[in-house]
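A closer look at the structure
Chain residues, written in single-letter form:
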Amino acid sequence: RDAVRVNHLHYITRTAHKSSLSPSVSSIIACRAGDLYRAYNLFNVSLRADATNLYGNTAEGAHAASLGGTYQALIFGFAGLTVSSGGLFIDPRMPRTWSSLVFSFFWKGRLLKFEISRNMVKVRIKSGVKCELKIKVFGEERILKGNKNYIFEGEKKQAATEFYY
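Note that the coordinates shown come from a computational prediction; the quantities given were computed from them, not determined experimentally.

About the cut-offs
- Residues numbered from 1 in each chain as written.
- Predicted model: local features only at pLDDT ≥ 70, side-chain atom pairs only at ≥ 80, totals over all residues.
- Heavy atoms only, no water.
- Helix = DSSP H or I, 4+ residues; strand = E, 2+ residues; numbered from the N terminus.
- Contact = heavy atoms within 4.5 Å.
- Pairing = 2+ DSSP bridges.
- Axes fitted to C-alpha atoms, helices over the stretch in contact; angles between N-to-C directions.
- Buried < 20%, exposed > 50% of the residue type's maximum accessible area, 1.4 Å probe, protein only.

As a further point, take the environment of Leu112. With respect to the helices and strands, the residue Leu112 is situated in strand β4 (residues 110-117). Remark: the alpha-carbon pair of Leu112 and Leu88, spanning 24 residues in sequence, is separated by 11 Å. Among residues more than four places away in sequence, those in contact with Leu112 are Leu88, Phe103, Ser104, Phe105, Trp107, Val123, Arg124, Ile125 and Leu133.

What follows is the structure in structure tokens.
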């Protein structure tokens, strides 16, 4: 996390964000760095690129990749979902104005349903067959079985880690 924070601080002041792809990716990195104020602002730039014709070219077509990036900012940024060779990890970083985020995610052939708030993760593996999946929630490894509801509570976090530069 410290390396992400250092690199985020280095590059955020050097990035013009003139591409429709930049704000969403920068929002994810800002979330991981703990800069939720900037992450939320960048997310809103990404979210509104076409709705407000931010780049003056919406008439030429929607920025489809930017829309995908906006979704990724929600899931991999604010919901705190990380997928790696080590497995699936979830550690939410929600803005203080949001109460929850609900989404589905297909992983290892299984559909996972999530409901997330700042200090709570509800998850259910939707599966017609017997299965187990290993994930880390709030830094602790868990084994989940299919078609069961799980609720995990993390430490009571402040509404958001927000800082300015």
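So much for the structure itself; the text now carries on.
A separate point is the sheet that holds strand β7 (residues 140-145). Pairing is mixed across the open sheet formed by four strands, whose spatial order is β1-β2-β6-β7. Because the sheet does not close on itself, it has two edges, and the strands there are β1 (81-84) and β7. Across the sheet, the mean angle separating the axes of adjacent strands is 30 degrees when strand polarity is ignored. Relative to strand β2 (residues 87-90), β1 runs antiparallel, the two sharing four bridges.

Only one face of strand β6 (residues 132-137) is covered, namely the one carrying Leu133, Ile135 and Val137; the face carrying Glu132, Lys134 and Lys136 has none of its residues buried. Note: β2 against β6, three bridges, orientation parallel. The partner of Phe89 across the bridge, within β6, is Lys136. Between β6 and β7, which follow one another and run antiparallel, lie two residues, and Phe138 among them has a positive phi close to 50 degrees.

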